[in-house]
Amino acid sequence: TSEARSLFLENYEYSTFDLREEERVQIGVFSSLIRGQILAGDTPAQLIEQFTEYSGRMRPLPEWILGGAVLGLQGGTNRARRISDELESLGTPIAALWLQDWVGQRKTSFGTQLWWNWELDWDHYPEWGSFTEALEGKNIKVMTYINPFLCDDVAQKKNHDRNLFDEAARNGYLVKNPRGEPYRITISSFSAALVDLTNPEAWSWIKDIINGELIGNGASGWMADFGEGLPYDAVLFSGADPKSYHDRYAEDWARVNREAIGEAGRGDDIVFFNRSGYTKSPRYGTLFWVGDQLVDWDEHDGIKSAVTGLLSSGLSGYSLEHSDIGGYTALDNPLLKYHRSKELLLRWIELGAFTTVFRTHEGNIPEVNHQIYSDRETLAHFARFAKVYAAWKPYRMELVKEASETGLPVLRHLFINHPDDPEVPGLDYQFMVGPELMVAPVLDPGEGRVEIYLPAGTWVHLWTAERYGSPQRGVYETVPAPIGEPAVLYREDSAEGTRFREELELRGLL
């Protein structure tokens, strides 16, 4: 709160926080007992530090993922090679290729989805070994994908060596329904069952798959998707109440991935990123992203909600966050059409360049979305902002280290750095990167200027070097933000801001 107090629950049961009344906060927990803690401090930063002593802090990210773009590509070896080569020809710093379709693709009612049977599809990536070796020679890592579901129809897939659903079902490794059968959950045009993480043997089995199939095939990281879908009427191996274990499942999904990379001796250089989480997930996770936004400008489930998610999660110990550049969920049916526009993608690229990790996603229906490779202008824009992202790498590494030591997020609502400024609590979509950079992304179509609040001081526009603000008090300013020059400012006396601008000049980016 603005009075430097904080409350958090230790419960895992379903809970509600009602903040609608000015004079009270009402909390409901579906349990006979409420457990929690009330913290007090002098600043929001102190409260975050106290809270993350309980929840756990995220470890520093390896340097490789902080140096360039993580390209989300699909379609097989030749297509991934062609697009990455094109970006390399523009001098794009590339940290990794994220090939989520390493297990093969299928068309469903939702769009392009994966075969949830966690083994390499050699038909889809026939030159996997030589391809990944060539990338490694250029210091480009390979990232893949996994989730805790196993599809029950893998027998329909033309090429598979293992049927992981059948393996797990035979051994009792799957969450069961009240009839004692594997709990099949409808996904889109197929169904799948969850690995029962309360079963120690299932826990070891899924770790072996991560080590053997992902790390064993050269992955330096992956999206550890889902984790939030345990049904309330499930039957678990441990006998735990699924209503109480539901949120703990998300923590355990992060923990099993963390244990896998530790046992492989790769705990310092592999990055997996989660969408789901609960109180102690930062203790285990290496990186998070803020879920599957619509490919839209919407405040509830579009680019604006990505900013909201980045900032609110940062107050809750999720110190290393990012979003899918361009969003994920497209719709293409007679009633609703959400297709990613070029302008939205250009603006999301700019937003992504000032988050912890700079990663693209083609989306669930790639063919209806504007992509980073759709035309030369977009490709050049992406290449440029990958270079901008690389230009503030030294500062980003400092902030990642600070996050591991204090729990403070890389991206911050202004309330963390300016808690005594009465205008700050009402700000929705601008944010600070650490204590040095102020960012106000363009989040509406057709806009070339933004209104930004600047706390007391003189602030320098990153691209134009124009001065804004007032030394005596905080002020609202309208600043130019054409495509290619998002509103990013730094204090006149900021050594980091000055260094960043000098680096941009040195790289020919101004």
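Quick note: structure is the one above.
So, here's what we can say about the structure. As the structure is a prediction and not an experimental result, all values here were calculated from the model. (Residues numbered from 1 in each chain as written. Predicted model: local features only at pLDDT ≥ 70, side-chain atom pairs only at ≥ 80, totals over all residues. Heavy atoms only, no water.)

**A short note on the overall build of the protein**
Defined as follows: By the criteria applied, helices consist of DSSP H or I runs no shorter than four residues and strands consist of E runs no shorter than two, each listed in order from the N terminus. Based on C-alpha atoms, the radius of gyration is set beside the globule rule, defined as 2.2 Å times the residue count to the power 0.38. Under the scheme applied here, a residue whose accessible area is under 20% of the maximum for its type counts as buried, over 50% as exposed, and between as partly exposed, the area being computed with a 1.4 Å probe on protein chains only. Surface accessibility follows the Shrake-Rupley procedure with a 1.4 Å probe radius. Residue values consider only the protein chains on display as shielding.
Scanning the protein from N- to C-terminus turns up 13 helices and 26 strands. Relative to its length of 510 residues, the protein is compact, with a C-alpha radius of gyration of 23 Å against a globular reference of 24 Å. With the C-alpha coordinates aligned to their principal axes, the bounding extent of the protein is approximately 70 × 60 × 50 Å. With 510 residues in all, the protein has 57% of them scored as buried. Working note: accessible area of the protein is about 20,300 Å², and carbon and sulfur atoms make up 48% of it.

**Some points on the side chain of glutamine 371**
Using the following cut-off: Counting of polar contacts relies on pairs of N or O atoms within 3.5 Å, with two restrictions inside protein: one atom must be capable of donating a hydrogen and the other of accepting it, and residues adjacent in sequence are counted only when both atoms are side-chain atoms. Contact between two residues is taken to exist if any of their heavy atoms lie within 4.5 Å; hydrogens are not considered.
Tracing the chain through its elements places glutamine 371 in the loop between helix H9 (342-352) and helix H10 (376-391). Exposure remark for glutamine 371: the relative accessible area of 4% places this residue in the buried category. Engagement of the side chain of glutamine 371 in a polar contact is seen with the side chain of arginine 340, the distance being 3.1 Å. Apart from residues no more than four positions distant in its own chain, glutamine 371 is found in contact with Arg340, Leu345, His361, Glu362, Pro366 and Thr378.

**What to know about helix H4 (residues 164-171)**
Since one α-helical turn is 3.6 residues long, residues separated by three or four positions face the same way. Filter applied, for reference: In this context, the arc is that of the directions from the helix axis out to the C-beta atoms.
Looking at H4, one finds that the buried residues are Leu164, Phe165, Glu167 and Ala168. Buried residues in H4, looked at end-on, bunch into an arc of 165 degrees, giving them a common side. Buried residues belonging to H4 abut strand E10 (149-151), strand E12 (191-194) and helix H5 (200-214). Two or three places before phenylalanine 165, at the opening of H4, asparagine 163 has a side-chain oxygen 3.3 Å from that residue's backbone nitrogen.

**Describing the sheet that holds strand E5 (residues 69-72)**
Strand pairing in a sheet is mediated by backbone hydrogen bonds. Such pairs are either parallel or antiparallel. Heads up, the rule is: Paired strands, as defined in this entry, are two strands with at least two bridges between them according to DSSP. Axes, fitted as lines to C-alpha atoms, cover a helix only where it is in contact. Angles between the N-to-C directions of the axes lie from 0 to 180 degrees.
Pairing in this open sheet of seven strands is parallel, and the strands run E5-E6-E9-E13-E14-E15-E16 from one edge to the other. If you trace the sheet from one side to the other, it starts and ends with E5 and strand E16 (321-322), each paired once. As paired elements, strand E6 (residues 94-98) and strand E9 (residues 141-146) share three bridges and run parallel to each other. Each residue of the ladder has a partner; that of leucine 97, found in E9, is valine 142. Across the sheet, helix H3 (residues 128-137) touches E6 and E9, and the angle it forms with E9 is around 130 degrees.

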